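# Tertiary structure, described
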Amino acid sequence: MRRAVFLLLCAFSVFAISASAQDYPARAIRIIVPFPAGGTADLLPRIVGEKLAANWGQPVIVDNRAGAGGNIGAEMVYNAEPDGYTLLSAPPPPLVVNQTLYPNLPFNPSEFAPVAILARVPNALVVNPARIPEKTVAAFIARAKANPGQLTTATTGNGGTQHLTSEMFQMMANVKLQHVPYRGSAPALQDLVAGSVDLMFDNLGVSLPLVKGGQLNLIAVATAKRLEELPEVPTIAETIPGFESAAWFGVVAPPKTPKAIVDKLNADINEALRDPEVKRRLAQLSSDVVGGSPDETARYMREEVERWAKVIKAANIKVD
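Rules used in this analysis
- Residues numbered from 1 in each chain as written.
- Predicted model: local features only at pLDDT ≥ 70, side-chain atom pairs only at ≥ 80, totals over all residues.
- Heavy atoms only, no water.
- Helix = DSSP H or I, 4+ residues; strand = E, 2+ residues; numbered from the N terminus.
- Expected span 1.5 Å × (residues − 1).
- Buried < 20%, exposed > 50% of the residue type's maximum accessible area, 1.4 Å probe, protein only.
- Axes fitted to C-alpha atoms, helices over the stretch in contact; angles between N-to-C directions.
- Parallel < 35°, antiparallel > 145°, perpendicular 65-115°, else oblique.
- Contact = heavy atoms within 4.5 Å.
- Nonpolar A, V, L, I, M, F, W, Y, C, P; charged D, E, K, R; others polar.
- Polar contact = N/O pair within 3.5 Å; in protein donor to acceptor, adjacent residues only side chain to side chain.
- Salt bridge = Lys/Arg side-chain N within 4 Å of Asp/Glu carboxyl O.

Another aspect to go through is helix α6 (residues 161–173). The α-helix advances 3.6 residues per turn, and as a result positions three or four apart in sequence lie on the same side. Between the first and last C-alpha of α6 there are 18 Å, a value that for 13 residues agrees with the 18 Å anticipated at 1.5 Å per step. Counting buried residues in α6 gives eleven out of 13 residues, a clear majority hidden from the surface. Buried residues of α6: Thr161, Gln162, His163, Leu164, Thr165, Ser166, Glu167, Met168, Phe169, Gln170 and Ala173, and no others. Residue Asn174 follows α6 closely and has a positive phi angle near 60°.

Running from N to C, helix α2 (residues 40–56) and helix α10 (residues 276–283) point in directions that differ by 170°, and their axes come no closer than 10 Å. The pairing of α2 with α10 is recorded here as roughly antiparallel in orientation. In contact with Leu44, Ile47, Val48, Glu50 and Lys51 of α2, α10 contributes Val278, Arg281 and Leu282. Residues of the contact of α2 with α10, tallied by class, amount to five nonpolar, no polar and three charged.

Now for the environment of Asp63. Assignment of secondary structure puts Asp63 in strand β2 (residues 60–64). The exposure class assigned to Asp63 is buried, which follows from its relative accessible area of 15%. Taking the C-alpha atoms as reference, Asp63 lies 9.9 Å from Arg46; in sequence the two are 17 residues apart. The residues contacting Asp63, other than those within four sequence positions of it, are Arg30, Ile31, Ile32 and Val33. A polar contact is formed between the side chain of Asp63 and the side chain of Arg65, at a distance of 3.1 Å.

With that settled, consider the pattern of salt bridges. Throughout the structure, instances matching the rule amount to 13 salt bridges. Its salt-bridge partner being Arg46, residue Asp42 comes within 2.8 Å of it at the nearest N-O pair. In this pair, Asp42 and Arg46 both sit in helix α2, four residues apart, roughly one turn of the helix. Given the relative accessible area of 3%, Asp42 is considered buried. Across the pair Arg65 and Asp63 runs a salt bridge whose closest N-O atoms are separated by 3.1 Å. Of the residues examined, Arg65 reaches a relative accessible area of 34% and is grouped as partly exposed. Shared partners join several salt bridges into a network, and the residues in it are Arg30, Asp63 and Arg65.

By themselves, these observations are geometric and do not establish any function.
Structure below.
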């Protein structure tokens, strides 16, 4: 009798989850972005979220909860109900970097339910032209070597892609830069344009329009090969062989989110990423659409944990 009751309860539970997934979403979905508005981390989920809202007939609300290298927003999602109505959209820090960087995280990133990678955006070395007149990587390195620790590099905070890219550059170029952390890409770029800092290893999503507007100079991109849309811009690897760095932006759900809901989210996000208008708008942010299955997303994130852990340990990066 007990076994029969147990099996009946299990069957009912599976049926209930399946039914809820079929009805999902039945109300507004909130996407937590753990960085300020205005940067690529904020713009990408807004673009995809608009398409999801149109397809679902339900609001998709992007909620910026910045702080602690993305940990504040990530913790909120980690502790949210695993019903698919609260999601996290973030670049690498809270998903694959901070577990190596922070000794006592209030959440376990490996327990999030991976949904999809939205896109990758190449990083690049951009400078304030009034403060850094050099226009080549070699000339910039020479200036940095002549002024050790004097050139200031803005980042989105400790452990962000910009920070890790800067540390990797310093190791491989044998130079020393002064780290100036901000709470996101938008305020960092604002100060870079104003001349409060000298340079930034930023993703091209938001910085490229500032380059085209003459406010910043783009010295080189951090992709392995030159970008098709910017064939005249050299790569850092042409001067420092093997140098490569790109930002990516993933979506995860709270731990223990039912697989049926994760699969539904994944399918709908992939459909949105295939939309021509979404692809056009993402291309304007210099981003390459990724998509893929939840299993592929999980595997990619595990690889990224290992990759950035090596950089953090080799550069002896500490949380300020």
